[in-house]
Amino acid sequence: MTNELKRYYSDLRDKNYRLWQKRIAECEAKDGRFRALMDEPSRVFLQVGAGRLSSAAAISRIAQNTAERKNLLISLGLPSDYLDPIYTCPKCQDRGEIGEPSKLCSCALKKQQELLLSASCINDRETFGNFNEAIYPSSEQKKQGLGMKRFCERYVAALPHSEKPNLLIVGQSGLGKSYFGNAIGYAAIEAGVRTFKSTAYQCIQDILSGIDAREDAVAPYVSAELLILDDLGTEAMVPNVTIETIFRILNERAAAMLPTVLISNLDREGLFERYGERVASRIIDGALTSIVLLRGENLRTRIR
Ligand SMILES: [Zn+2]
């Protein structure tokens, strides 16, 4: 379990404990008998611990205590479980883990996805599930879109150890490249892969802000289990920064065998022209990268 997730469950247990204590105080204010009733279980346990009470007698006293408490609650018009310990997830009692050996509870898997999603810049709209083939203007383009969807789904399914860890999606604007990038990221997060999506423009802005603040802002780009870098080629070309940053990201990710999805309007010649041999040959490195070219009519400017 990640530290972030541990902190979430620790906060959740605190919150529910405080709520429980508030309910106890509320009931004690309503009827003085609650105090003794709520103290009874710990008195019983102490007596068992000290050897002054048999377990059979203890079980009977606890059962009697529970019944009295519930009856008193009902007589006050409150639910009979009003003073039971409060759990957001009764299954794991807000521990996030169940079983032996322990595994993540379904609530923790869901929470983990939420945390990953909020840190990833990935939206929950552009997904494989929401993919709509009706947007394609021709049967040929529709076939291409469906093929692309299948290809991307297979890519995600093979993460994090795809045979070719990188994917380069190229093509003109408005062909749905960013949609597929987001859908890959969303599906990866569903599979528990720590994903980070950004644009090349934002990446260089982050690096420049980091230089001003004397911080190394490249970390999320280098360390994400899956990086999706959109709009490669639209970033500012800052001498000694842009090329070096992109090279460093690709180089460190390749060394760590971390998968990267790059999305660009630039074709092979455009990539070489803009980034030079050293970087462009990495971007299109056939041993590490599957390259997909999307063709067709712009889906955004098309008259519907
Ligand atoms: Zn749970």
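Conventions used here
Residues numbered from 1 in each chain as written. Predicted model: local features only at pLDDT ≥ 70, side-chain atom pairs only at ≥ 80, totals over all residues. Pairing = 2+ DSSP bridges. Helix = DSSP H or I, 4+ residues; strand = E, 2+ residues; numbered from the N terminus. Axes fitted to C-alpha atoms, helices over the stretch in contact; angles between N-to-C directions. Buried ≥ 20, exposed ≤ 12 C-beta atoms within 10 Å, placed from the backbone. Right-handed = clockwise from strand over helix to strand, strands pointing away. Core = buried A, V, L, I, M, F, W, Y, C linked by C-beta atoms within 7 Å. Contact = placed C-beta atoms within 7 Å. Domains from an automatic or database assignment. Expected span 1.5 Å × (residues − 1). Arc of directions from axis to C-beta. Parallel < 35°, antiparallel > 145°, perpendicular 65-115°, else oblique. Left-handed = near helix turned anticlockwise from the far one by under 90°.

Student: Kindly report on the sheet that holds strand β6 (residues 260-264), identifying the contributing residues and their values.
Tutor: Spatial strand order, β4-β5-β6-β3-β7: five strands in an open sheet with parallel pairing. In this open sheet, the two edge strands, each paired with only one partner strand, are β4 (195-199) and β7 (289-294). Geometrically, the sheet is characterised by an average inter-axis angle of 10° between neighbouring strands, direction not taken into account. Of the pairings in the sheet, the one linking β4 to strand β5 (residues 226-232) comprises five bridges and is parallel in character. Residue pairing in the sheet places K197 in a bridge with I228 of β5.

Student: Would you mind going over the pairing of β6 in detail, with residue names and values included?
Tutor: Counting buried positions along β6 yields five of five residues, so the element is predominantly enclosed. The sheet contact formed by β5 and β6 spans four bridges and is parallel. If you follow I228 over to β6, its bridge partner there is V261. Of the crossover connections in this fold, the one passing from β5 over helix α9 (residues 242-255) to the parallel β6 is right-handed.

Student: Describe the nonpolar core, with residues and values.
Tutor: C152, F180, A183, I184, L227, L229 and L262 are the most contacted members of the largest nonpolar core, which totals 39 residues. Taken together, the elements giving at least two residues each to this core come down to α5 (139-157), β3 (166-171), α6 (177-190), α7 (200-212), β5, α9, β6 and α10 (268-283). Ranked by the residues each element gives to this core, the list is headed by α6, at eight residues. Not counting residues within four places of it along the chain, the set of residues in contact with A183 comprises E126, T127, F128, F131 and C152. Counting five residues, the second largest nonpolar core, distinct from the first, contains C27, L37, L73 and L83.

Student: Report on the domain arrangement of the chain, specifying residues and quantitative values.
Tutor: Domain assignment breaks the chain into domain 1 (3-112) and domain 2 (122-294). The straight-line distance from the C-alpha centre of domain 1 to that of domain 2 is 49 Å.

Student: Which residues make up α5, and what values do they have?
Tutor: Across its 19 residues, α5 extends 27 Å between first and last C-alpha, which sits within 8% of the 27 Å expected from 1.5 Å per residue. Every buried residue of α5 is listed here: Q144, G145, M148, C152, Y155 and V156. End-on view of α5: buried residues confined to an arc of 105°, all on one side of the axis. Relative to its buried face, α5 has exposed residues pointing more than 90 degrees away, namely S139, K143, G147, R150, R154 and A157. As for α5, its buried residues are in contact with β3, α6 and β7.

Student: Quick one: what's the story with unusual backbone geometry, residue by residue and with numbers?
Tutor: Going from E100 to P101, the amide bond is cis rather than trans, its omega being 0°. Despite not being glycine, D94 has its phi angle at roughly 60°, a positive value. Along the chain, D94 turns up in the loop between α3 (55-75) and β1 (97-98). The phi dihedral of D231 falls on the positive side, at around 55°, and the residue is not glycine. On the secondary structure map, D231 appears in strand β5.

Student: Lay out the packing of α9 against α10 with the relevant residues and their values.
Tutor: The interhelical angle for the contact between α9 and α10, taken along N-to-C directions, is 30°, at an axis separation of 10 Å. Here α9 lies roughly parallel to α10, going by the angle between them. Between α9 and α10 the crossing geometry is left-handed. Along its contact with α9, which presents I243, I246, F247 and L250, the element α10 presents Y275, G276, R278, V279, R282 and I283.

Student: Give a description of α6 that names residues and reports values.
Tutor: Helix length check: α6, at 14 residues, gives a terminal C-alpha distance of 20 Å against a target of 20 Å (1.5 Å per residue), a fit within 8%. By the criterion of burial, α6 is predominantly enclosed, with 12 of the 14 residues buried. Phi for G192, located one or two positions after α6, is positive at around 85°.

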